[in-house]
Amino acid sequence: MLRKRFIRLRIVILPEEKVLKGIHVLLTLKCTNQCDHCFLHCSPAREATFTLGQLRSLIRQTEELGTVNIVYFEGGEPFLFYPLLLEGLRMVRAARFNAGIVSNCYWATSPEDALIWLAPIRELGIADLSISDDDLHRLDQNDHRAGFARDAAQQLGIPTSTICIDTPNISRSGNAGRKGKPVTGGGVLFRGRAAEKLTKGLPVRQLDQLTTCPHEDFLNPERVHIDAYGNVHLCQGLSMGNVWKRPLSELIRGYDPQAHPIVGPLLRGGPRRLAAESGLTISDNYVDECHLCYALRKQLVPYYATYLAPKECYGL
C-alpha cells in the first residue's frame, strides 16, 4: 500500500527590487539668484561645488548600479562652473547615459551669446535642456534670456523643456452651491526657502489633513539628487546616506524606508506622524504637507544630521 506524502511548501515573498533610474547631480549650490521659492536655499554666497574627482567617482558609482538611464546636472546654477559642466557631460555620455541640464539661462544675454554657450553642449548630444522660465526667475518684463536660450537650442537641435512655476495664490473651492473655502493655488512647493518666504497670508490646513506625503515615492524612489557633500536626497534636505562614506550601490540595496528615522514616520502618517513620533508640539499654522514637514525637519536637524543634510537646505 502506497503512503501519500504531503510536502509543505513555504512561499517567500521577496521585497520589490529598488530600481533607481535617474541621478540628478547638484553640481553646485551657488546660484546667480537667491529665489524665494528655492528648495535648497541656493544663493551667490553658497560654496558647495563638485570637484572633477568627485564627479568621476559618482559617475563610476552610477555605472555600478546598472539601472540608471539618465543623469541631470542641476544646482544652484550649473553653468556657473561651465568647464566642469562640460567635462561632467562628457563623462556621462562616455558612460552611455542620457544627459540633461537644468538652468535659469543667466548666460543667454543675447541670441548670439546663447548660441556660443550651447554649441559645445550640442556636440555632446544631451537629451534635455530644462529652462526655468517664469516670473519667479525673470529679472523684469524685459528679461528675454530664457527665450534666447530656447531659440538657440532649437537652432542647434538640442531638445528643450520648460519649467514654469506659478507664484502662490489664493482661490476658493466649493461644490453644490456651498460657499467655497480658501485654498492655495500655484506651482510652488513649500520646501526650503519657499516655506519661510512665501507662506505668509496663505490659508492654513487642519493637522488631520496633513497625514501623507503627496509628492515623493519614498518606498521605491526612481530618482535621487546628490550634492557635492555626498548626500543622496530623497527629497531636498532629506538624505538616504552619503556616497563619500558608503558606495551608492550599498546605500540603494540597504535602504529600508520604514527604518529611516524621518521617512518611516512620514510613510506611517505623513508630517503629523513625524511630529508625534519626534515629540514635537505643532499647531494649525501650516499651508500644506511640505510646509509642516520642512518646519519639523528644520527642528530635527541637530538630532539627525546624517539624514537631514546638508544644513544649507534649511538655511543654516
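Residues numbered from 1 in each chain as written. Predicted model: local features only at pLDDT ≥ 70, side-chain atom pairs only at ≥ 80, totals over all residues. Heavy atoms only, no water.

K.L.:
Tell me about the sheet that holds strand β1 (residues 22-26), and please be specific about residues and values.
P.N.:
Pairing between the strands of a sheet comes from backbone hydrogen bonds, and it takes one of two forms, parallel or antiparallel. Strand order across the open sheet formed by 8 strands is β5-β4-β3-β2-β1-β8-β9-β10, with mixed pairing between neighbours. Of all the strands in the sheet, just β5 (160-163) and β10 (238-242) have a single pairing partner and so form its edges. On average, each strand axis in the sheet is inclined to that of its neighbour by 25°, with strand direction left out of account. On the sheet, helix α2 (residues 82-94) packs against β2 (70-74) and β3 (98-103) and is oriented at approximately 155° with respect to β3. (Pairing = 2+ DSSP bridges. Helix = DSSP H or I, 4+ residues; strand = E, 2+ residues; numbered from the N terminus. Axes fitted to C-alpha atoms, helices over the stretch in contact; angles between N-to-C directions. Contact = heavy atoms within 4.5 Å.)

K.L.:
Account for the packing of helix α7 (residues 263-278) against helix α8 (residues 289-300), naming residues and giving values.
P.N.:
In helix packing, the relevant descriptors are the interaxial angle and the interaxial distance, both defined with respect to the helix axes. Closest axis-to-axis distance for the α7/α8 pair is 10 Å, and the angle between their directions is 45°. Relative to α8, the element α7 lies oblique. Note that α7 runs across α8; the crossing there is left-handed. The segment α7 lies against α8, with Leu266, Pro271, Arg272, Leu274, Ala275 and Ser278 engaging Glu289, Leu292, Cys293, Leu296, Arg297 and Leu300. Counted by class, the contact of α7 with α8 contains 8 nonpolar, 1 polar and 3 charged residues. (Parallel < 35°, antiparallel > 145°, perpendicular 65-115°, else oblique. Left-handed = near helix turned anticlockwise from the far one by under 90°. Nonpolar A, V, L, I, M, F, W, Y, C, P; charged D, E, K, R; others polar.)

K.L.:
Could you give me a rundown of the confidence of the model for the protein chain, with the residues and numbers involved?
P.N.:
Model confidence for the protein chain is summarised by a mean pLDDT of 89, while 86% of its residues fall at 70 or above. Note that pLDDT drops below 50 for residues 1-16; the model gives that stretch 1 contact with residues more than four away or on any other chain. Note that pLDDT drops below 50 for residues 172-185; the model gives that stretch 25 contacts with residues more than four away or on any other chain. (pLDDT = per-residue confidence, 0-100.)

K.L.:
Residue-level account of the nonpolar core, with values.
P.N.:
In this structure, Leu118 and Ile121 are the most contacted members of the largest nonpolar core, which totals 83 residues. Considering every element that reaches this core, the biggest residue donor is α2, with 7 residues. (Core = buried A, V, L, I, M, F, W, Y, C linked by side-chain atoms within 4.5 Å. Buried < 20%, exposed > 50% of the residue type's maximum accessible area, 1.4 Å probe, protein only.)

K.L.:
Give me the layout of surface pockets: which residues, what numbers.
P.N.:
Its boundaries defined by the atoms lining it, the largest pocket holds a volume of some 850 Å³. Among the elements of the structure, β1, β2, β3, β4 (128-132), β8 (223-226) and β9 (231-235) are those that each provide at least two residues to the lining of the largest pocket. Sorting elements by how many residues they give to the lining of the largest pocket places β9 first, with 3 residues. (1 Å grid on protein atoms, 1.4 Å probe; cavity = no way out; pocket = protein on both sides within 12 Å on 5 of 7 lines; lining within 4 Å. Points joined across faces, edges and corners; volume = space filled by probe spheres on them.)

K.L.:
Describe the pattern of salt bridges, naming the residues involved and giving the relevant values.
P.N.:
Scanning the entire structure with this criterion turns up 12 salt bridges. Note that Lys21 and Glu222 form a salt bridge whose closest N and O atoms lie 4.0 Å from each other. Of this pair, Lys21 sits in the segment before β1 while Glu222 sits in the loop between α5 (193-197) and β8, placing them 201 residues apart in sequence. Lys21 sits in the partly exposed class, given a relative accessible area of 37%. On the basis of relative accessibility, which here comes to 46%, the residue Glu222 falls in the partly exposed class. The partner of Asp143 in a salt bridge is Arg145, with the nearest N and O atoms 2.8 Å apart. For Asp143, a relative accessible area of 12% translates into the label buried. In this structure, a network of salt bridges that share partners links the residues Arg191, Glu216 and Arg223. (Salt bridge = Lys/Arg side-chain N within 4 Å of Asp/Glu carboxyl O.)

K.L.:
Hey, could you go over the side chain of Ser130 for me, with residue numbers and the actual values?
P.N.:
Along the polypeptide, Ser130 turns up in strand β4. Engagement of the side chain of Ser130 in a polar contact is seen with the side chain of Asp128, the distance being 2.6 Å. The residues contacting Ser130, other than those within four sequence positions of it, are Tyr72, Ile101, Val102, Ser103, Ser161 and Ile163. (Polar contact = N/O pair within 3.5 Å; in protein donor to acceptor, adjacent residues only side chain to side chain.)

K.L.:
Hey, could you go over the pairing of β3 for me, with residue numbers and the actual values?
P.N.:
Within β3, 5 of the 6 residues are buried, which leaves it mostly tucked inside the rest of the structure. Of the strand pairs in this sheet, β2 and β3 are connected by 4 bridges, and their pairing is parallel. Bridging across to β3, Phe73 finds its partner in Ile101. With α2 bridging β2 and the parallel β3, this β-α-β connection has right-handed handedness. (Right-handed = clockwise from strand over helix to strand, strands pointing away.)

K.L.:
Any chance you could break down helix α3 (residues 111-124) for me, citing the residues and the numbers?
P.N.:
Between its first and last C-alpha, α3 extends 21 Å over 14 residues, near the 20 Å set by a 1.5 Å rise per residue. In the structure, α3 departs most strongly from a straight axis at Leu118, where the bend amounts to approximately 35° and where the proline Pro120 lies between one and four residues downstream. Residues of α3 that are buried: Ala114, Leu118, Ile121 and Leu124. Against α2, β3, β4 and α4 (145-156) lie the buried residues of α3. (Expected span 1.5 Å × (residues − 1). Bend = angle between axes of the 7 residues up to and from the residue.)

K.L.:
How would you summarise empty space enclosed by the protein if you had to cite specific residues and measurements?
P.N.:
Applying the stated rule across the entire model yields 2 cavities of 30 Å³ or more. By volume, the largest cavity amounts to about 110 Å³. Lining the largest cavity we find 14 residues, and of these Cys213, Glu289, Cys290, Cys293 and Arg297 sit closest to its centre. Sorting the residues of the lining of the largest cavity by element identifies α7 and α8 as the ones contributing at least two each. With 4 residues, α8 is the largest single contributor of residues to the lining of the largest cavity. The class makeup of the residues in the lining of the largest cavity is 9 nonpolar, 1 polar and 4 charged.

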